[in-house]
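Residues per chain are reported as follows:
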Amino acid sequence: MGTYGVKVVAIYPRPKDEEAFEKVYKDEHLPLAEAKLKGVTRLVATKVVGSPQGKVSAYRLAEIYFSNMDDLNKCIQSPEGQEVVAHATKISTGGPPIVLICEEESFVYW
């Protein structure tokens, strides 16, 4: 049996200018998310560096974890949560990010 959790996943498409996106993402977006998103237990920011399938459209993924679905929903529906989602859309120059609400089951193998 694994452990269970809930999270929001944002999948950013490849931006028109990767260097400019990285600057705004790291200097503006991540600090905004950390300041505004209430109830977050963990945030994982992932940059796609390759794929065995060749070039893929996904460039970055953000996983924002919460203790339960109620906390997730309160956060994402709050004015602060909406502000963060709007900013994510604004900075995503390769098209709008895909935002998913997910249930997760994790397994750890030593």
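Residues numbered from 1 in each chain as written. Predicted model: local features only at pLDDT ≥ 70, side-chain atom pairs only at ≥ 80, totals over all residues. Heavy atoms only, no water.

Caption draft 1: Region of the structure containing the pairing of strand β1 (residues 3–13). Buried residues dominate β1, accounting for eight of its 11 residues. As defined by bridge partners, β1 adjoins strand β3 (residues 58–66) across eight bridges and the pair is classed as antiparallel. If you follow Val-6 over to β3, its bridge partner there is Phe-66. (Buried < 20%, exposed > 50% of the residue type's maximum accessible area, 1.4 Å probe, protein only. Helix = DSSP H or I, 4+ residues; strand = E, 2+ residues; numbered from the N terminus. Pairing = 2+ DSSP bridges.)

Caption draft 2: The pattern of salt bridges, seen in detail. Scanning the entire structure with this criterion turns up seven salt bridges. In this structure, Lys-26 engages Glu-22 in a salt bridge whose closest nitrogen and oxygen atoms are separated by 3.5 Å. Taken as a pair, Lys-26 and Glu-22 lie in helix α1 (residues 18–36) at a separation of four residues, close to a single helical turn. The class for Lys-26 is partly exposed, based on a relative accessible area of 47%. With relative accessibility at 10%, the residue Glu-22 sits in the buried group. The salt bridge partner of Glu-22 is Arg-60, with a shortest N-O separation of 2.9 Å. Highlighted residues: Glu-22 in helix α1 and Arg-60 in strand β3, separated in sequence by 38 residues. One network of salt bridges, in which partners are shared, links Lys-7, Glu-63 and Glu-104. (Salt bridge = Lys/Arg side-chain N within 4 Å of Asp/Glu carboxyl O.)

Caption draft 3: Expanded view of α1. Look at α1: 25 Å from first C-alpha to last across 19 residues, which is about the 27 Å you get at 1.5 Å a residue. Where α1 bends most, the angle comes to about 40 degrees, and this point is Tyr-25. Within α1, the full set of buried residues consists of Phe-21, Glu-22, Tyr-25, His-29, Leu-30, Leu-32 and Ala-33. Looking at the buried residues of α1, the elements they touch are β1, β2 (40–47), β3 and α3 (79–91). One side-chain oxygen at the N-terminal end of α1 lies 3.2 Å from the backbone nitrogen of Glu-19; it belongs to Asp-17. (Expected span 1.5 Å × (residues − 1). Bend = angle between axes of the 7 residues up to and from the residue. Contact = heavy atoms within 4.5 Å. Polar contact = N/O pair within 3.5 Å; in protein donor to acceptor, adjacent residues only side chain to side chain.)

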